[in-house]
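For reference, the chains in residue letters:
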Amino acid sequence: MTKGPRSGLSAVSTALLAMSRHLEVRDVLKTIVASARELLDAEYAALGVPDDHGGFAQFVVDGVSDAQWKAIGPLPRQHGILAAMLHEARPERLADVREDPRFEGWPSAHPDMSDFLGLPIRDGDEIMGALFLANKLRPEGGDPSGPPSRKPEGGCGFTKDDEELLTILAQHAAIALTNARLYERSRELTIAEERSRLAHELHDAVSQKLFSLRLTAQAAAALVDRDPARAKGELQQVAALAAEAADELRAAVVELRPAALDEDGLVATLRTQIQVLDRAHSARVTFDSCGVRALPAAQEEAMLRVAQEALHNALRHSGAARVDVTLERHGPGAVLRVIDDGSGFEPRATRRAGRHLGLVSMRDRTNGVGGTLTVESAPGKGTTIEMEVPGG
């Protein structure tokens, strides 16, 4: 099949439609990279979004298998040609990247690359990332229907037209990255809203408990002389109300306390929070983990928040006597399960119950890191929340 302007517009349209359908940012980036590689007949394509520490927050590749990518090792740093694209803000079209004086080598498992086309992704004067291609398979004049051919001796297989077309895709990538920032801001607002909700819950629940506690204590004081037996009963009620108020305070503090993910990691943070919940509630709350490796920071945060929401539902709304939390390795990623023996609900009624139970928030957090969320429940049968993330 001959490739030409129409196929180019189709590839650009695919990337644009992916964004307009509100797909997650990583899916959009994958679409852009795959479109660039297919459209420009490259063997490899990649898109890197830099972090603030000399590395990349996201690095999406196409043309490299999962096994190859795993063997290559950690994400690249901002050096060599990648640094030039990020800091000098100009396109790079090279006949052989290995002969460029800025080339600093690559890991032994890295595929061999020669001709190279890369350019920065810009939003005004800001450099947001780098998009690049390597190893043109059918240089200009090659047979589109035939097998891959080699570039002209001493020349770059990528043309000026290729550079212009990649520029269009880079502009779409800038839109996707801008959307990513807006998404992160919306998540921050969501967290702020959750904290406000918890503050209101804390005020209402604990204030009511303390008000009842005061009235009951006053009643006990009035009865202590003329009816010691009733006074004793009132004092027992005082003790119960004080315990309930302490439960509310502990649970709220656990949810409001910033997660120590950076220092302790997901497993240790979950274990600590679940131990506190087990002491604070009458329900038995357990935690077990098996073989979990460190995950990307965004995935660990999402798993922690989903676990907290599921535990909140189980302990506050379901009447569960037992809640079991497990975290297991699954390939390069992990699976989280929160299982309770509470009252359960009808999953088909999630349009109404979903928001009440925080299912919409849990799905949004899961989708935001490329994961999957499964909810199994039935009235009287308890609930199982399962979240799987892909790892890095």
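Definitions and limits used
Residues numbered from 1 in each chain as written. Predicted model: local features only at pLDDT ≥ 70, side-chain atom pairs only at ≥ 80, totals over all residues. Heavy atoms only, no water. Pairing = 2+ DSSP bridges. Helix = DSSP H or I, 4+ residues; strand = E, 2+ residues; numbered from the N terminus. Axes fitted to C-alpha atoms, helices over the stretch in contact; angles between N-to-C directions. Contact = heavy atoms within 4.5 Å. Parallel < 35°, antiparallel > 145°, perpendicular 65-115°, else oblique. Left-handed = near helix turned anticlockwise from the far one by under 90°. Nonpolar A, V, L, I, M, F, W, Y, C, P; charged D, E, K, R; others polar. pLDDT = per-residue confidence, 0-100. Buried < 20%, exposed > 50% of the residue type's maximum accessible area, 1.4 Å probe, protein only. Core = buried A, V, L, I, M, F, W, Y, C linked by side-chain atoms within 4.5 Å. Salt bridge = Lys/Arg side-chain N within 4 Å of Asp/Glu carboxyl O. Phe/Tyr/Trp six-rings, centres within 6.5 Å; stacked < 30°, edge-to-face > 60°.

Novice: Please explain the sheet that holds strand 1 (residues 42-50) as it appears in this structure.
Specialist: The pairing of strands in a sheet comes from backbone hydrogen bonds and takes either a parallel or an antiparallel form. If you walk across this open sheet you meet the five strands as 2-1-5-4-3, and the pairing is antiparallel. Two strands lie at the open edges of the sheet, namely strand 2 (56-62) and strand 3 (92-94), each paired on one side alone. Adjacent strand axes in the sheet meet at a mean angle of 10° when their direction is disregarded. Where helix 4 (residues 80-87) meets the sheet, its contacts fall on strand 1, strand 2, strand 3, strand 4 (116-123) and strand 5 (126-136), and the angle it forms with strand 5 comes to roughly 140°.

Novice: Looking at this model, I keep getting lost on the packing of helix 8 (residues 297-316) against helix 10 (residues 359-368). Mind explaining?
Specialist: Think of two packed helices as two axes; the pair is described by the angle between the axes and how far apart they sit. Running from amino to carboxyl end, helix 8 crosses helix 10 at an angle of 165°, the nearest separation of the two axes being 9 Å. Classed by the angle they form, the pair helix 8 and helix 10 counts as roughly antiparallel. Here the hand of the crossing between helix 8 and helix 10 comes out left-handed. Contact residues: A302, R305, V306, E309, A310 and N313 in helix 8; M362, R365 and T366 in helix 10. In terms of residue class, the contact of helix 8 with helix 10 is built from four nonpolar, two polar and three charged.

Novice: Any chance you could explain the confidence of the model for the protein here in plain terms?
Specialist: Predicted coordinates in areas of low pLDDT are best not read in detail. The predicted model of the protein has a mean per-residue pLDDT of 79, with 76% of residues at 70 or higher. The lowest-confidence element of the protein is helix 9 (residues 350-356), averaging 45 in pLDDT; the highest-confidence one is strand 8 (residues 333-340), averaging 96. Counted against residues more than four places away or in other chains, residues 1-6, with its pLDDT under 50, gives five contacts. Considering only residues more than four positions removed or in separate chains, one finds that residues 351-356, a stretch of pLDDT under 50, has six contacts.

Novice: Help me understand helix 4 in this model?
Specialist: Residues lying three or four places apart along an α-helix face the same way, a consequence of the helix completing one turn every 3.6 residues. The element helix 4 is extensively covered by neighbouring structure, given that seven of its eight residues are classed as buried. Taken together, the buried positions of helix 4 are G80, I81, L82, A83, A84, M85 and L86. Elements in contact with the buried residues of helix 4: strand 1, strand 2, strand 3, strand 4 and strand 5. Remark: A89 follows helix 4 within two positions and exhibits a positive phi of approximately 55°.

Novice: Just checking my understanding: could you explain the environment of S343 for this structure?
Specialist: Looking at the secondary structure, you find S343 in the loop between strand 8 and helix 9. Residues S343 and G382, 39 residues apart in the sequence, show an inter-C-alpha distance of 5.4 Å. When sequence neighbours within four positions are dropped, the list of residues in contact with S343 reads H317, S318, A378, P379, G380, K381 and G382.

Novice: What is the right way to look at the side chain of Q299 in this model?
Specialist: With respect to the helices and strands, Q299 occurs in helix 8. Given the relative accessible area of 7%, Q299 is considered buried. Setting aside its immediate chain neighbours within four residues, Q299 contacts V369, V389, P390 and G391.

Novice: I keep staring at the nonpolar core and nothing clicks. Help me out?
Specialist: Nonpolar side chains in soluble globular proteins generally cluster together in the buried interior. The biggest cluster of nonpolar side chains holds 33 residues, and the ones touching the most others in it are L270, M303, L336, I385 and M387. Per-element tally for this core: the top contributor is helix 8, with nine residues. Filtering out sequence-adjacent residues up to four positions away, M303 remains in contact with L266, L295, L327, A334, V335, L336, M387 and V389. L29, L40, M128 and A174 belong to the second largest nonpolar core, which has 26 residues in total.

Novice: I tried to follow the pattern of salt bridges on my own but got confused; where do I start?
Specialist: What the rule picks out here adds up to 15 salt bridges. Across the pair R37 and D62 runs a salt bridge whose closest N-O atoms are separated by 2.9 Å. Of the two residues, R37 sits in helix 2 (residues 25-39) while D62 sits in strand 2, which places them 25 residues apart along the sequence. What makes R37 partly exposed here is its relative accessible area of 27%. Since its relative accessible area comes to 22%, D62 is described here as partly exposed. With a shortest N-O distance of 3.2 Å, R337 and E328 are connected by a salt bridge. When its relative accessible area of 24% is taken as the criterion, R337 is described as partly exposed. Within the structure, one salt-bridge network assembled from shared partners comprises E88, R90, E92, D100 and R102.

Novice: Is there a simple way to think about the packing of aromatic side chains in this case?
Specialist: Two aromatic rings, taken as a pair, are described by how far apart their centres are and by the angle between their planes. Enumeration over the complete set of coordinates arrives at five aromatic pairs. Consider the rings of F116 and F132, whose centres lie 5.5 Å apart with planes at 25°: the pair is stacked. One end of the pair, F116, is in strand 4; the other, F132, is in strand 5, and 16 residues separate them in sequence. F132 shares its class with F116; the two are buried. Here the aromatic residues F56, F59, W69, F116 and F132 are joined through ring pairs into a cluster of three or more.

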